[in-house]
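# Coordinates in review
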Amino acid sequence: MAIIGGRFDEVHALQAELTQRLQAGPGEAAQQAVGVTPTAPPPSRWHLVTIRATVEWLHDYSLSGVWSVLQRCGLKLRSAAVQHYSPDPDYQLKVFRLKKALREAARNPHTVAALFLDEFGYTRWPEPAPEWSGVTPIAYRSQTNNQQWRTIGALNALTGKVSYLDAYIIGRAKVSEFYSQLDQTYRRYDTVHVIQDNWSIHHHPEVLQALARYPRLHPIWLPTYAPWLNPIEKLWRWVRQDILKLHRLAGEWDELRHRVRASLDQFTHGSTDLLRYVGLLGDGLLAKTIRLA
């Protein structure tokens, strides 16, 4: 088969050049194109006008022409992915312990459970959010004072079962009470790994003393500032997106709390759909750890 050359190779080379230049970020030419003064700093992101000013062979193109070139080169506006880091010096060790707990539960599903624990809060007043509408949607907040409610919950990593406790305040007493609730809920298990973050209350002496009363509950501490390792965070996100954002219940506080509870109650007996949504089924790190146990 003949190798295609000529014009094709030239276009390919220009595409590679353009892609490499955009990855480097704007520089002096971009600064001159948009800077108000000669000493203005270069912009942090690319725009059509700064791309045209930076890439010599695009100088004579209109902005729409630059846009067309980018499209043909497979370059387009994309939402950036944030690269997160945990500052925990014991990050790898804690991830190892987390994976070990998940593998143990996967190998012994009738005697060992692995639960992801976390807390979230919400208020009477709705948060604004996009919505299909002919006019700008309004987050109605009524004339009532705002109020807060909090929930502590646990997600079973293998079944998708959700347990929770809610109250005006989730403090030492409620966390201790929730440990007791989990001990009863999973009383038929020999070992229950409770995977949780480093919220100061989790390490409070009174809470640790309460936890010690339930020897089957084994705390597994996540690395600091590593919410991507706690899938129940995605359950809270789902509740916020579907129940709490732009709701019309600012004047019906009891009904709003009822709906949040109902959204959690549907997972009382577990859910594979929920496991898939939070990343415990599929090709993610935690899902693979369970599947390949």
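Residues numbered from 1 in each chain as written. Predicted model: local features only at pLDDT ≥ 70, side-chain atom pairs only at ≥ 80, totals over all residues. Heavy atoms only, no water.

## Examining unusual backbone geometry
Just so we agree on the cut-off: Helix and strand assignments come from DSSP, with helices taken as H or I runs of at least 4 residues and strands as E runs of at least 2, each series counted from the N terminus.
Phi angles above zero are rare outside glycine, and Tyr225 is one such case at about 50°. Structurally, the position occupied by Tyr225 is in the loop between strand 5 (217-221) and helix 8 (232-244). You will see that Leu246, though not glycine, has its phi angle at about 60°, which is positive. Here Leu246 lies in the loop between helix 8 and helix 9 (253-265).

## What about the confidence of the model for the protein?
Put simply, the test is: The score called pLDDT rates the predictor's confidence residue by residue, from a low of 0 to a high of 100. We call two residues in contact whenever any of their non-hydrogen atoms come within 4.5 Å of each other.
Per-chain confidence: the protein averages 91 in pLDDT, with 96% of residues scoring 70 or above. Low confidence marks residues 1-6, where pLDDT is under 50. Its contacts with residues over four positions away, or in another chain, come to one contact.

## Digging into the packing of helix 6 (residues 172-185) against helix 7 (residues 205-212)
To be explicit about the condition: All axes here are fitted lines through C-alpha atoms, helices being fitted over the stretch that makes contact, and every angle between N-to-C directions spans 0 to 180 degrees. Angles below 35 degrees are treated as roughly parallel, those above 145 as roughly antiparallel, those between 65 and 115 as roughly perpendicular, and all remaining angles as oblique. Crossing handedness is defined as follows: a turn of the near helix away from the far one that is anticlockwise and smaller than a right angle gives a left-handed crossing, while the clockwise case is right-handed. Residue polarity follows a fixed list, in which Ala, Val, Leu, Ile, Met, Phe, Trp, Tyr, Cys and Pro are nonpolar, Asp, Glu, Lys and Arg are charged, and the others, Gly among them, are polar.
One way to put it is that helix 6 packs onto helix 7 with a least axis distance of 9 Å and a crossing angle of 15°. Accordingly, the angle class assigned to the pair helix 6 and helix 7 is roughly parallel. The two elements helix 6 and helix 7 cross, and the hand of that crossing is right-handed. Here Arg172, Val175, Ser176 and Tyr179 of helix 6 lie close against helix 7, whose contacting residues are Glu206, Val207, Ala210 and Leu211. Per-class residue counts for the contact of helix 6 with helix 7 are five nonpolar, one polar and two charged.

## Some points on the nonpolar core
Threshold: Side-chain atoms within 4.5 Å are what join buried Ala, Val, Leu, Ile, Met, Phe, Trp, Tyr and Cys residues into a set we call a nonpolar core. Residue burial is assigned from relative accessible area. The probe radius is 1.4 Å, only protein chains are included, and a residue is buried under 20% of its type maximum, exposed over 50%, and partly exposed in between.
Residues Leu102, Phe116, Leu235 and Leu280 are the most contacted members of the largest nonpolar core, which totals 38 residues. When residues of this core are assigned to their parent elements, the largest contribution, six residues, is made by helix 8. Not counting residues up to four positions away in its chain, the partners in contact with Leu102 are Ala114, Phe116, Ala157, Ile195, Leu286, Thr289 and Ile290. Residues Ala154, Leu165, Ala167 and Val175 belong to the second largest nonpolar core, which totals 20 residues.

## A short note on helix 9
The following threshold applies: Given a helix with a known number of residues, its expected span is that number minus one, times 1.5 Å. As used here, the arc belongs to the directions running from the helix axis to the C-beta atoms.
Helix length check: helix 9, at 13 residues, gives a terminal C-alpha distance of 18 Å against a target of 18 Å (1.5 Å per residue), a fit within 8%. Every buried residue belonging to helix 9 is among Trp253, Leu256, Arg257, Val260, Ser263 and Leu264, and all of these are buried. For helix 9, the buried positions fall inside an angular range of 120° around the axis, keeping them on one side. As for helix 9, its buried residues are in contact with strand 1 (112-123), strand 2 (148-156), strand 3 (162-167) and helix 8.

## Concerning the pattern of salt bridges
Where side chains of opposite charge bring their charged atoms close, a pairing between them can arise. Just so we agree on the cut-off: Think of a salt bridge as a Lys or Arg side-chain nitrogen and an Asp or Glu carboxyl oxygen that are within 4 Å of each other.
Per the counting criterion, the structure on display carries 12 salt bridges. The shortest N-O distance in the salt bridge between Glu131 and Arg248 comes to 3.2 Å. Of this pair, Glu131 sits in the loop between strand 1 and strand 2 while Arg248 is found in the loop between helix 8 and helix 9, placing the two residues 117 residues apart along the sequence. Residue Arg248 is classed as exposed on the basis of its relative accessible area, which comes to 55%. Salt-bridge contacts for Asp254 lead to Arg257; the nearest nitrogen and oxygen are separated by 2.3 Å.

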